[in-house]
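Reading the structure
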Amino acid sequence: MAEAKSIVADGRGWTREDRRSFYDSLTVDQLLARLGNWSPVVRERVAEALARRKDDVMGRLIAMLDAKDAYTRDGACRAIQMQKDRGAPAVPALLKVFRGDDLWLRILAAEALAGIGEPARSVAPEMLERLARGGDPAKDPRNMEQRYLSFALFDKGSGLLSKSLKGVDRDLLAKAVRAGLKNDDGRARSSFRSVYDNLTFEEIK
């Protein structure tokens, strides 16, 4: 009964007609506490609410990346992603998460780095290497990490390298593209179209 009440409570404060006022009425401390909620929907709404504010919460979000609770680490990645270029100070901490053992958190860290944009371009080579290498067949048989890395790097408009390939090692890029085009997911393969938009005709050949 208590669990059912908790689930109902987590869904309160959001309707199609009014998606913001409840979360915008919460204090920063209340929002940050909810980043550790079991529900990914609640974490997403909190991340959006924090992004709408001018409060500098980056230090606290970075600290949450080291939390013992997986939900809290997940929520921190989501929130940093939505802070966009304000998330620049989190790049080293996100790179540490990206190098970790947790597959889903690596994916979330990659998405957060893509959300930060230009200040995070320095990590692109490591992301390309991971994409080119592909996943562990035993732990990631469908290459889902490669799928999400394709989006994080090349998705039109939001990918870290979708607008420019300036300074990107072409040999590493080619390896990543060749590997990614073999991914099972059609949307992942289609994300590579931004690569061709940013190459010369000779490079495409």
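A brief look at the structure comes next. (Residues numbered from 1 in each chain as written. Predicted model: local features only at pLDDT ≥ 70, side-chain atom pairs only at ≥ 80, totals over all residues. Heavy atoms only, no water.)

**Details of the overall build of the protein**
Looking only at helices and strands, the protein has 14 helices and 0 strands in total. Here the C-alpha radius of gyration of the protein, 18 Å, is about what a compact globule of 205 residues would show, namely 17 Å. C-alpha extents for the protein along the principal axes are approximately 60 × 40 × 35 Å. Burial statistics for the protein: of 205 residues in total, 45% are counted as buried. Considering only intrachain contacts with a sequence separation of at least 6, the fraction spanning at least 24 residues in the protein is 65%. A total accessible area of about 11,300 Å² is found for the protein, and carbon and sulfur atoms account for 52% of it. In the protein, 37 positive and 31 negative side-chain charges are present, and the distance between their average locations comes to 2 Å. (Helix = DSSP H or I, 4+ residues; strand = E, 2+ residues; numbered from the N terminus. Rg over C-alpha atoms; globule rule 2.2 N^0.38 Å. Buried < 20%, exposed > 50% of the residue type's maximum accessible area, 1.4 Å probe, protein only. Contact = heavy atoms within 4.5 Å. Areas by Shrake-Rupley, 256 points an atom, 1.4 Å probe, with all protein chains shown as cover. Lys, Arg positive; Asp, Glu negative; His and termini not counted. Charge placed at Lys NZ, Arg CZ, Asp CG, Glu CD.)

**Here we look at the environment of A179**
Secondary-structure assignment places A179 in helix α11 (residues 170–180). Spatially, the C-alpha atom of A179 lies 32 Å from that of V41, the residues being 138 residues apart in sequence. Non-local contacts of A179, meaning those with residues more than four positions away in its chain, are made with L131, A132 and Q146.

**Looking at the packing of aromatic side chains**
As enumerated under the stated definition, the model contains 4 aromatic pairs in all. Centroid distance Y148 to F151: 6.0 Å. Interplanar angle 85°. Geometry classified as edge-to-face. Taken together, the residues span about one helical turn, with Y148 and F151 both in helix α10 (residues 144–154) at a distance of 3 residues. Residue classification places F151 among the buried residues on the basis of a relative accessible area of 9%. By the ring-pair criterion, three or more aromatic residues cluster together here, those being W104, Y148 and F151. (Phe/Tyr/Trp six-rings, centres within 6.5 Å; stacked < 30°, edge-to-face > 60°.)

**Things to note about the packing of helix α6 (residues 70–83) against helix α8 (residues 103–116)**
Geometrically, a packed helix pair is captured by the angle between its two axes and the distance between the axes. Relative to each other, α6 and α8 sit at 15°, their axes nearing to 7 Å. In terms of their interaxial angle, α6 and α8 are classed as roughly parallel. In terms of crossing hand, the pair formed by α6 and α8 is left-handed. For the pair formed by α6 and α8, the contact residues are R73, D74, C77, R78, I80 and Q81 on the first element and W104, L105, L108, A109, E111, A112, G115 and I116 on the second. (Axes fitted to C-alpha atoms, helices over the stretch in contact; angles between N-to-C directions. Parallel < 35°, antiparallel > 145°, perpendicular 65-115°, else oblique. Left-handed = near helix turned anticlockwise from the far one by under 90°.)

**Notes on the pattern of salt bridges**
Across all of its chains, the model carries 17 salt bridges by this definition. Between D24 and R52 there is a salt bridge, and its shortest N-O distance comes to 2.8 Å. Highlighted residues: D24 in helix α2 (residues 21–25) and R52 in helix α4 (residues 40–52), separated in sequence by 28 residues. Here D185 and R147 are joined by a salt bridge, their closest N and O atoms 3.2 Å apart. Here D185, found in the loop between α11 and α12 (186–190), pairs with R147, found in helix α10; they are 38 residues apart in sequence, far enough to count as distant. Look at R147 and you get buried, because its relative accessible area is 15%. Ionic contacts of the salt-bridge type, sharing partners, join the residues R43, E44, D74, R78 and E111 into one network. (Salt bridge = Lys/Arg side-chain N within 4 Å of Asp/Glu carboxyl O.)

**What about unusual backbone geometry?**
The phi dihedral of K84 falls on the positive side, at around 55°, and the residue is not glycine. Phi at N143 is positive, roughly 55°, even though this residue is not glycine. Within the secondary structure, N143 sits in the loop between α9 (124–133) and α10.

**Examining a nonpolar patch on the surface**
Taken together, L181, Y196 and I204 make up a surface patch of nonpolar side chains, about 260 Å² in accessible area. Along the chain, the position of I204 falls in helix α14 (residues 201–204). (Patch = residues over 30% accessible without salt bridge, like charges linked within 9 Å, V, L, I, M, F, W, Y side chains within 5 Å.)

**Structural notes on the nonpolar core**
Core analysis: the biggest nonpolar cluster contains 56 residues, and L61, L94, M127, L128, L153, F154 and L173 have the highest contact counts within it. Here this core gets 8 residues from one element, more than from any other, and that element is α8. Discounting chain neighbours no more than four positions away, the residues touching L128 are L153, F154, L161, V168, L172, L173 and A176. (Core = buried A, V, L, I, M, F, W, Y, C linked by side-chain atoms within 4.5 Å.)

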